[in-house]
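Understanding the architecture of this molecule
Here is what each chain is made of, one letter per residue.
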Amino acid sequence: MKKSNMIILGSFILAVVLGIFGQDFAYFLNGIFPGSYPIYNLTILTLISIILFLNSLVMICFQYKKQRMNKEKLGIYIALFVIAGLLTSWWSLFVLIMWWS
């Protein structure tokens, strides 16, 4: 049970970091791999961030279905992850759209 909670929390934190600092990571990857374009790196990082958010939510639902999580804890997790996930995803999508335009 502890291991699954750590995986959920780890993927959520990684998703937040990639969503907020994706632009910096795109430039960093461009410095490491000069042949790559930062806009493609940012697109991939944004997609990974959104997939990690969705993965966290699915894993939370599985924990609830397996009865490893009660309703109170489920409500807190879902509220936190949806609010933080939506705000971070909107920000990263906004940055990505500005890069593509």
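I will try to describe carefully the structure that is included in this document. (Residues numbered from 1 in each chain as written. Predicted model: local features only at pLDDT ≥ 70, side-chain atom pairs only at ≥ 80, totals over all residues. Heavy atoms only, no water.)

Turning next to the overall build of the chain. The secondary structure content of the chain amounts to 4 helices and 0 strands. The linear arrangement of helices and strands in the chain, starting from the amino end, is α-α-α-α. Here the analysis covers contacts within the chain between residues at least 6 apart in sequence; of these, 69% occur between residues at least 24 apart. Roughly 6800 Å² of accessible area belongs to the chain as shown, and the carbon and sulfur atoms make up 76% of that amount. (Helix = DSSP H or I, 4+ residues; strand = E, 2+ residues; numbered from the N terminus. Contact = heavy atoms within 4.5 Å. Areas by Shrake-Rupley, 256 points an atom, 1.4 Å probe, with all protein chains shown as cover.)

A word on the side chain of Gln 63. Within the fold, Gln 63 resides in helix α3 (residues 38-65). Accessibility expressed as a relative area gives 8% for Gln 63, which makes it buried. Engagement of the side chain of Gln 63 in a polar contact is seen with the side chain of Ser 4, the distance being 3.3 Å. Non-local contacts of Gln 63, meaning those with residues more than four positions away in its chain, are made with Ser 4, Ile 8, Arg 68 and Met 69. (Buried < 20%, exposed > 50% of the residue type's maximum accessible area, 1.4 Å probe, protein only. Polar contact = N/O pair within 3.5 Å; in protein donor to acceptor, adjacent residues only side chain to side chain.)

The final tally for this structure, using the stated rule, is 7 aromatic pairs. Judged by centre distance (5.7 Å) and plane angle (70°), the rings of Phe 12 and Phe 53 are edge-to-face. In this pair, Phe 12 sits in helix α1 (residues 2-20) while Phe 53 sits in helix α3, placing the two residues 41 residues apart along the sequence. When its relative accessible area of 8% is taken as the criterion, Phe 12 is described as buried. With centroids separated by 5.3 Å and ring planes inclined at 50°, the aromatic side chains of Tyr 27 and Trp 99 adopt a geometry described as tilted. With Tyr 27 in helix α2 (residues 22-32) and Trp 99 in helix α4 (residues 71-100), the pair connects residues that are 72 residues apart, well separated along the chain. Members of the aromatic cluster, connected to one another through ring pairs, are Phe 12, Phe 53, Tyr 77 and Phe 81. (Phe/Tyr/Trp six-rings, centres within 6.5 Å; stacked < 30°, edge-to-face > 60°.)

What follows is about the environment of Ile 48. Along the chain, the position of Ile 48 falls in helix α3. Along the primary structure Ile 48 and Phe 25 are separated by 23 residues, whereas in three dimensions their C-alpha atoms are 13 Å apart.

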